[in-house]
2 protein chains.
Amino acid sequence: MALRAGVKLLMGSGVLWRQQGIRALFATPRRKAAGSPTSHQAPSASDLNSFAFRSHTCGELRAAHVGQEVTLCGWLQYQRHDMFLVLRDFHGLMQVVLPSDADGSQLKQTMSAMPLESVLLVKGTVIPRPSGQENMKMATGAVEVQAKEVQVLNTCRKLPFEIKDSVKKSESLRMQYRYLDIRSAQLQYNLRLRSRMVMKMREYLCNQHGFVDVETPTLFKRTPGGAKEFLVPTQEPGKFYSLPQSPQQFKQLLMVGGLDRYFQVARCYRDEGSRPDRQPEFTQVDLEMSFVDQLGIRRLIEGLLRYSWPEEKGTLPDPFPVMTYAEAMQRYGVDKPDTRFQMKIMDVTAQMRPVTVGFVQEALSKSNGCVKAIRVPEGATYLKGKVLDSTLQMIREQYSQDVMVVFVRSDGSWKSPLGKNLTEELQKALAGAKAEDLLLLAVGPHDTACAALGKLRLEVASRLEECGVPLRDPNTFHFLWVVDFPLFLPKEENPEELESAHHPFTAPHPEDMELLYTDPAKVRGQHYDLVLNGNEVGGGSIRIHNSELQRRVLQDILKENVSLLSHLLEALESGAPPHGGIALGLDRLISMIVGAQSIRDVIAFPKSFRGHDLMSNAPDYVSAEDLQLYHIQVTPKQ
Amino acid sequence: MALRAGVKLLMGSGVLWRQQGIRALFATPRRKAAGSPTSHQAPSASDLNSFAFRSHTCGELRAAHVGQEVTLCGWLQYQRHDMFLVLRDFHGLMQVVLPSDADGSQLKQTMSAMPLESVLLVKGTVIPRPSGQENMKMATGAVEVQAKEVQVLNTCRKLPFEIKDSVKKSESLRMQYRYLDIRSAQLQYNLRLRSRMVMKMREYLCNQHGFVDVETPTLFKRTPGGAKEFLVPTQEPGKFYSLPQSPQQFKQLLMVGGLDRYFQVARCYRDEGSRPDRQPEFTQVDLEMSFVDQLGIRRLIEGLLRYSWPEEKGTLPDPFPVMTYAEAMQRYGVDKPDTRFQMKIMDVTAQMRPVTVGFVQEALSKSNGCVKAIRVPEGATYLKGKVLDSTLQMIREQYSQDVMVVFVRSDGSWKSPLGKNLTEELQKALAGAKAEDLLLLAVGPHDTACAALGKLRLEVASRLEECGVPLRDPNTFHFLWVVDFPLFLPKEENPEELESAHHPFTAPHPEDMELLYTDPAKVRGQHYDLVLNGNEVGGGSIRIHNSELQRRVLQDILKENVSLLSHLLEALESGAPPHGGIALGLDRLISMIVGAQSIRDVIAFPKSFRGHDLMSNAPDYVSAEDLQLYHIQVTPKQ
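Sequence positions are assigned chain by chain, starting from 1 and proceeding in written order. Note on labels: chains are lettered from A, ligands numbered from 1, in written order. Since the coordinates come from a predicted model, pLDDT governs what is reported: local features require at least 70, and pairs of side-chain atoms require 80 or more to be given and counted, while whole-chain, interface and lining totals use all residues. Water and hydrogen atoms play no part in the side-chain values, which are based on all heavy atoms of the structure.

A. Fine view of the overall build of chain A. Numbering of helices and strands runs from the N terminus; a helix is a DSSP stretch of H or I covering at least four residues, while a strand is a stretch of E covering at least two. Scanning chain A for helices and strands turns up 21 helices and 25 strands. Based on the C-alpha atoms only, the size of chain A along its principal axes is roughly 95 × 75 × 60 Å. Three exposure classes are used, based on accessible area relative to the maximum for each residue type with a 1.4 Å probe and protein chains only: buried under 20%, partly exposed in between, and exposed over 50%. Every one of the 638 residues in chain A was classed for burial, and the buried ones make up 59%. Within chain A, residue pairs in contact and separated by at least 24 positions form 67% of the contacts whose partners lie at least 6 positions apart. Throughout, a contact is declared for two residues whenever any of their heavy atoms are within 4.5 Å.

B. Examining the side chain of His567(B) more closely. In this structure, His567(B) sits in helix 19 (residues 566–572). Classification of His567(B) as buried rests on a relative accessible area of 6%. Excluding residues that lie within four positions of it along the chain, His567(B) makes contacts with Tyr179(A), Met615(A), Ser616(A), Gln249(B) and Leu253(B).

C. Structural context of the sheet that holds strand 8 (residues 231–233) of chain A. Between any two strands, at least two bridges found by DSSP are needed for them to pair. With antiparallel pairing, the 3 strands of this open sheet are ordered in space as 8(A)-9(A)-24(B). This sheet does not close on itself; its edge strands, each paired only once, are strand 8 of chain A together with strand 24 (620–621) of chain B. Where strand 9 (residues 239–242) of chain A lies against strand 24 of chain B, 2 bridges are found, and the strand directions are antiparallel. Paired with Phe240(A) across the two strands is Asp620(B), which belongs to strand 24 of chain B.

D. How the structure looks around the packing of helix 14 (residues 385–399) of chain A against helix 16 (residues 446–466) of chain A. Residues and elements named next belong to chain A. Interhelical geometry of helix 14 versus helix 16 gives an angle of 150 degrees and a closest axis separation of 10 Å. Classified by the angle between their axes, helix 14 and helix 16 sit roughly antiparallel to one another. Like other packed secondary-structure pairs, helix 14 and helix 16 cross with a definite hand, here right-handed. Side by side, helix 14 and helix 16 meet where Val387, Thr391, Leu392, Met394, Ile395, Gln398 and Tyr399 of the first sit next to Thr448, Ala451, Ala452, Lys455, Leu456, Glu459 and Arg463 of the second. For the contact of helix 14 with helix 16, a count of residues per class yields 8 nonpolar, 3 polar and 3 charged. Here the axes come from fitting lines to C-alpha atoms, over the contacting stretch only for helices, and the angles between their N-to-C directions go from 0 to 180 degrees. The labels follow the angle: roughly parallel below 35 degrees, roughly antiparallel above 145, roughly perpendicular from 65 to 115, and oblique for the rest. Helix crossings fall into two classes, left-handed where the near helix is turned counterclockwise from the far one by less than a right angle and right-handed where it is turned clockwise. Each residue is assigned to one class: nonpolar for Ala, Val, Leu, Ile, Met, Phe, Trp, Tyr, Cys and Pro, charged for Asp, Glu, Lys and Arg, and polar for all the others, Gly among them.

E. Layout of the nonpolar core. If you look at the biggest cluster of nonpolar residues, it comprises 113 residues, and the most contacted ones within it are Ile301(A), Leu305(A), Phe479(A), Ile301(B), Leu305(B) and Phe479(B). Apart from the residues lying within four places of it in its own chain, the contact partners of Phe479(A) are Leu305(A), Trp309(A), Leu316(A), Phe320(A), Pro321(A), Leu530(A), Val531(A), Leu532(A), Val537(A) and Leu589(A). Residues grouped as a nonpolar core are buried Ala, Val, Leu, Ile, Met, Phe, Trp, Tyr and Cys residues, joined through side-chain atoms within 4.5 Å.

F. Spotlight on the domain arrangement of chain A. Per the domain assignment, the segments making up chain A are domain 1 (8–154), domain 2 (188–323 + 479–602) and domain 3 (341–466). Placing a centre on the C-alpha atoms of domain 2 of chain A and another on those of domain 3 of chain A gives a separation of 37 Å. For the domain bounds, the source is a domain assignment made automatically or taken from a database.

G. Geometry of the pairing of strand 22 (residues 535–542) of chain B. Residues and elements named next belong to chain B. Counting buried residues in strand 22 gives 6 out of 8 residues, a clear majority hidden from the surface. Note: strand 21 (residues 527–532) against strand 22, 6 bridges, orientation antiparallel. Considered in strand 22, the bridge of His527 is made with Ser541. By the bridge criterion, 5 bridges tie strand 22 to strand 23 (residues 579–585) in an arrangement that is antiparallel. Within strand 23, the position partnered with Gly540 by the bridge is Ile582.

H. Up close: the relation of the copies chain B and chain A. The two copies are related by a screw operation: chain B maps onto chain A through 180 degrees of rotation and 0.0 Å of translation along the axis, at an RMSD of 0.1 Å. Both chain copies can therefore be described as sitting about a two-fold axis. A shared binding surface is used by both copies, with 99% of the interface residues of chain B retained as interface residues in chain A. For this overlay, a least-squares fit was computed on C-alpha atoms, restricted to residues scoring pLDDT of at least 70 in both copies.

I. Structural detail: the pattern of salt bridges. Every case where a carboxyl oxygen of Asp or Glu lies within 4 Å of a side-chain nitrogen of Lys or Arg is listed as a salt bridge. The tally for this structure, following the rule as stated, stands at 88 salt bridges over all chains. Across the salt bridge formed by Asp260(A) and Arg192(B), the nearest N and O atoms sit 4.0 Å from each other. Of this pair, Asp260(A) sits in the loop between helix 8 (248–256) and strand 10 (261–269) while Arg192(B) sits in helix 7 (residues 185–208), each in a different chain. Here Asp260(A) matches Arg192(B) in class, with each residue buried. With a shortest N-O distance of 2.5 Å, Asp437(B) and Arg375(B) are connected by a salt bridge. Of this pair, Asp437(B) sits in the loop between helix 15 (424–429) and strand 17 (438–445) while Arg375(B) sits in strand 14 (residues 369–376); the two residues are 62 residues apart in sequence, bridging distant segments of the chain. With a relative accessible area of 2%, Asp437(B) lands in the buried category. Residue class for Arg375(B) comes out partly exposed when judged on its relative accessible area of 23%.

J. Structural detail: the interface of chain B and chain A. Contact residues are listed per partner, giving 160 residues for chain B and 159 residues for chain A. A quick way to say it: buried area is the sum, across both parts, of accessible area lost when two parts are put together, with a 1.4 Å probe. Across the chain B to chain A interface the summed buried area is about 14,200 Å²; carbon plus sulfur atoms make up 56%. Of all residues in chain B, Tyr179(B), Glu215(B) and Phe291(B) bury the most surface against chain A, accounting for 5% of the area lost on that side. Here chain B and chain A share 12 salt bridges between them. For the salt bridge of Lys221(B) with Asp620(A), the shortest nitrogen-to-oxygen distance reads 2.8 Å. Its residues assigned to classes, the side of chain B that touches chain A shows 78 nonpolar, 43 polar and 39 charged.

K. Representation of the sheet that holds strand 21 (residues 527–532) of chain A in the model. Residue and element names in this part refer to chain A. Across the sheet, which stays open at both edges, the 8 strands sit in the order 7-10-11-23-22-21-18-12 with mixed pairing between neighbours. Among the strands making up the open sheet, the edge pair consists of strand 7 (212–213) and strand 12 (322–324). Most of the contacts of helix 8 go to strand 11 (residues 281–290), to which it runs at about 20 degrees, and overall it touches strand 10, strand 11 and strand 23 (579–585).

L. Structural view of helix 16 of chain A. Between its terminal C-alpha atoms helix 16 of chain A stretches 30 Å, which fits the 30 Å expected from 21 residues at 1.5 Å a residue. Following helix 16 of chain A by one or two positions, Gly468(A) has its phi on the positive side, about 90 degrees. One less than the residue count of a helix, multiplied by 1.5 Å, gives the span that helix is expected to have.

M. Summary view of the pairing of strand 17 (residues 438–445) of chain A. All names here are of chain A. In terms of burial, strand 17 is a largely internal element, 7 of the 8 residues being buried. In the sheet, strand 14 (residues 369–376) pairs with strand 17 via 8 bridges, with the strands oriented antiparallel. Across the sheet, residue Cys370 finds its bridge partner in strand 17, namely Gly444. With 5 bridges joining them, strand 15 (residues 403–408) and strand 17 adopt antiparallel strand pairing. Looking across to strand 17, one finds that Met404 is bridged to Leu441.

Below, the structure is given as C-alpha cells:
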C-alpha cells in the first residue's frame, strides 16, 4: 500500500504529556461541523456522530465506504502483527492499519507500548481488506482504515479485569469497577435496550394517547403502616420526610385534579434490608387514568407492551390471556403462574375417596380436604434418589405437606406407596400418564396442597432443566393477567382481623358490594396483576372514588387511623372521577426481556444485595457535625 | 326540540347511593370499545379518548359533529335556567341541554340540587345551538349536546374555593388543596406544556441523536464538602446514604464506561433550609457525551431547545449569542445578563480623571479604581424622591458603593453633585443622554462598581416597569451563553485559598494550562452557562479526563482529601475518553416559558418555601420505633 506523507502522532495521554508539553494534552480534536445537515436536520434514524469528533462509529463502516476519509474514536481492543490496531466502541470493532513507511515507524513504536483500553482518535481512509483477508465474523470485516493520524486521547493505566464478555469475574469485582463492566457488550445492550423501550413507551403514552408525564415528589409524608419507607431527617428538629414506595396517593390526587391521564417513569424506594435481587431504589412505569374500567387499563397496557416490544424478541398476542386468582391458585398453586409449561395441578379427590388408607380418609373427612396431583413427564427417568428426596423435604419444611410419589414404570405399571389402593379410577383420572412419568400427589387442605404442588412444579422444572430437559424457554414470553383477587386477607398475626391484599384504595368488585357489609373476607377486588413467565411484572386496580366507601374500608374494615389520610378522603369528596391505574416493575420486566439473571444487570449502578454501592462505598459514616444539622444522633450500642 | 323517550338517570354518587341501592354506585359505564381503530392503531395525533368511557372531550365538539351520538365525562362547571349544564374537562367546556319533557323532569330536579364540581357522564346527540344563541367566545359554542342520559359519577361535597382562574386565593390555600388548584386552566396548561416539552427533548436526544436514557442512583455516598445533601439513615448503625445534588459522578463514570451519549431527566436534591423559590427536590435535564468540545455541547443544546420550543412561544435564534464572563461582568455587572434591554454599564474612567473632586481622585489612585456609569432613558421623569433614594440606599448597604445621580433636565442641561466638575469630556462620553434621562455613576474598585451598577440596572428596570415603562417583555426569550468563567475563586472565609468556581471536575481552558502551575487564580475554565432573560437556566463544562490533572486540581490546588474520590481518579486512569456535558434547570426553564411567577407553578405538588407539603403535612414527627430501626434518635433540645 502506498503510504501518505504527513502521518502525525499526537499524544494526549497522561503518561506521555510531560514529554509532549502541556498543550498537546489539551489539543482539541476537530469536532464534526455542527452546522452540517446531519447535526441540524431531523434525520430518519439516530445520528450517532452528530456534534462529536468522530465521523463514524467503529461499527458502521462497510464496503460502500471505501475511499472515504473518516475519523474514529474508541478504545484499543487489541493489536496484531505490530501493524494492526483494533478499535472498539459501543457500536462495534474496526481494524486500523498503521503506516509502514518511515513516518509511521515512530507511531508503531508508540503503539506497541500502548496499553489496551487506551483511548485513541484515528483519522484515515477506508480501504478494502486484501482479498482473502476479509473477516466475515466482523460486521466491518470487509474493510479497514488506513491511518494517517493517530491521537492518543488517554492512556489506560490499570485494569482489574479484561474487557471481554468471555472473561469471568466475580459480581463484587464487577460492581466495584462498574465503569469497566459497563463497557461489556452485554451491559451496553441491556442499558441501551432499556432506554429504547422506555422511549417507545413514552411515545405510546404521551404522543399517541395523550398521557401527561408528571413528576411527583419523593420527599413525602410517612404512609400509615408504611414500614419499609426510608426516612429523611430535616433541619426542623424531630421532623422527617419519607421516601415513598410508589406515587399512589399523588396519582390519585392528579385524577381528582382533572389531569386525567397521568404517567411517570417513577423512582420508588423500599427499605427491605438485605434481600437478594431487590434494590432499595427501583423504577416503575406508573400510570393512572380517569373514566376507565379494568378492561380499559388492561387493553392500554397490552397496547403499550406490543408497541414498545423489541423487534428481535418476537411478537405479543392481542389480547393477553386472563385467569382468575382462584383458577391460578387451583391449577398452578400460585398467583403468578408460569404458563410456558404444563404440569398443571389436577384434582383427584373424587377418585381418591374410595381409598381406604387412614391418612387419606382423615384428610378427606375435613371440610377443605382434597387430593391434588401433578404429572411430570419423563419424571421417572430424571427425578430420583437424593435429588427427589431433598426436593420433597424442602416442600415438607415450607408447607408442612407430604407428597406421595408414583412412578410409571417403563412397562406402564405403577409403583406407588398406596400399592393396590391405587384405584383404577385414579389411574383413569391420570390417564395421560405415560411410561417413565412421575406422579406427585398431595393429600390435605386445599390451599396447602395447591401451594405445595405449585412450588413443587417449579422446583421439578428446575431439576429437569438441570438434566437437559427444556421446559421454560427464556426467549418465549407468556404474559398473563391474573384478576379477581380477594380484596382483604386475614392478618398473619391475628387471622380475626383483615388487611388489604394490595392496598386500601382498591375498589371492590361491583358484584361483591353487598358482601362488603356481610362478609368482607369474601369480597373480590378490582385488582389485576400482570404476570410474565411466572413473575409479577405489574399490578394495578380500579380505585375507590367514593369517600364514604373509602372511609368504610379504612375505618370499619381495616381499623386504620383515617386522620393520616384525611387529605385523600377530602379529595374524594371534592369531585373525584372514577379512576384506575397500574404500575409496571421496569427493572424486572427489562431483565426478563434481555434474559438477565438479576435486575442488577439492567441497572447502570446497582447496589449489592446488602444495599451497598461497592464502587463508592455507600452507605457510609458521616460526621457528628452533619448529624447535628439534622438534630439527630446515632443511638449508642446497647 | 323533540324529546327522546328513555331518558335515564343513573346515580353513582355517595350522596345518592343509599336510595339507589348499592349496585348503582358501581354501575360501570360502558367504555369506548378497546378494539376500535382509534385505540389500537397509531393515530397521527394523540387520541385523548382511547380506552375511556367518553367518546369526546368537553372541548372538541364543533358544527361538524352535529348529529353524532356522543358520551362526555366532566365536572359540572355551572347550570343555567334550570335547563343547561356546562360540563368542563381539561380540554374545554361543553353546554348540555336537559330534556324538558316529563321523563326529564326528575333529572332536572336532581340536577338543580347538584353541587358544582360534581362529576357527570352525559350521553346525547350533538345539535346546533338555536340561531342567535351561539357563543363565539367558547370553542364549542356553535353546538350543544341534547342529553339522553346523565350519570352522576360522584357528587362534590365540599370546596374551599371556586375552580375559576379569576378567583383569588392565597398560595397556602392553593397548596393545601393542590388537587383542586390543578383543575385551574393555568396549572393544566403549565403541567401539560412541561410534559410535552420534555417529550420533545427526549425525541431530540434519544431518537435523533442516539442518546441513552440512563437512570442513576439517588441513594449515594456523601460528596466531599457536600453540605446541603440530605442524609438517609440505613439499618446499619451509623451509616447513611446521601441524596445527591446532581448525577455528576455517575455521568462521568458512564463516559468511562463507553456509554458515550447519556441523558436523564434527573431528580436532584438540595437541602437549603427555607429559601424562596427553591425546592428541596428539583429536576435537571442532565446530559453528557464523549469525544466532544464546548462548541459541540452548545450546538447540541441550541438544537434541543429549538426542537422542543413550544410553537406558540415564537422561534429561537441559530446560533445563540455568546459572551465571556469578563464582558458580562463589565457590561452588565453580573454573570447572567438580562439582554432584553439596554442600560449597559459604560466605563468613563478616562473622562473622569481630570475631575479634581477628592473622593474621585482617591478612588482612581488605587489600582482597580474606575468610574462606571449607566444611562436610564426617561429616568429623570420616573425615578426620583424616596423611590430613588431607597433604591440607592439598598445598593449602598449591599455593595458598600455610593452612586452619584445626574439628571438631564428637560432643557438638556445637567444637574449633578459634581457641579461644574462634570467635564465636557464626560458629557461627550455619555453623549447619548437625552432630556429627562438619568445617569448613575459609581466611583470605586472595578468589580464593586460593576456589581453595584449591575444590580441597580435591574432595580431601576423594576421601578420603571412599575411606572408603566415596558422594558423586559416576558414573551421575549433572550438566550445567551456565558463562557470563560474563572476556574477557581478565592474562598470567602480565607481569600488566600482557592475553591472551584463550579466544581472540581471542570477542565481548564486549553490556553491557560501553563497558568495552572504559575497562577491558578487566573485560569479560565471550560465552563459554560446558559442564561435566559437574566436567569441561569443551565450550566456545564468539558471535564478533566486525565487523572494526573484531576489529582493536581483536587490535591495541590483545592487541598481536598482525594481518598473520597479515589474511585473517580481510578476511573480516569482506566481509559476515560474526553467528555463534557450540561444540566438544564427544568423547573426554572419551564416557569420562564409559561411566564409563571414561581417554579411552584410548574410543579404538580411543590413544597412551600419552608419545605413543607401543606396538603399532607410533611415533614412530620415519626415514632420512636421507626427511629430505632435506623439506630438514630432525635437530639434533645439544649
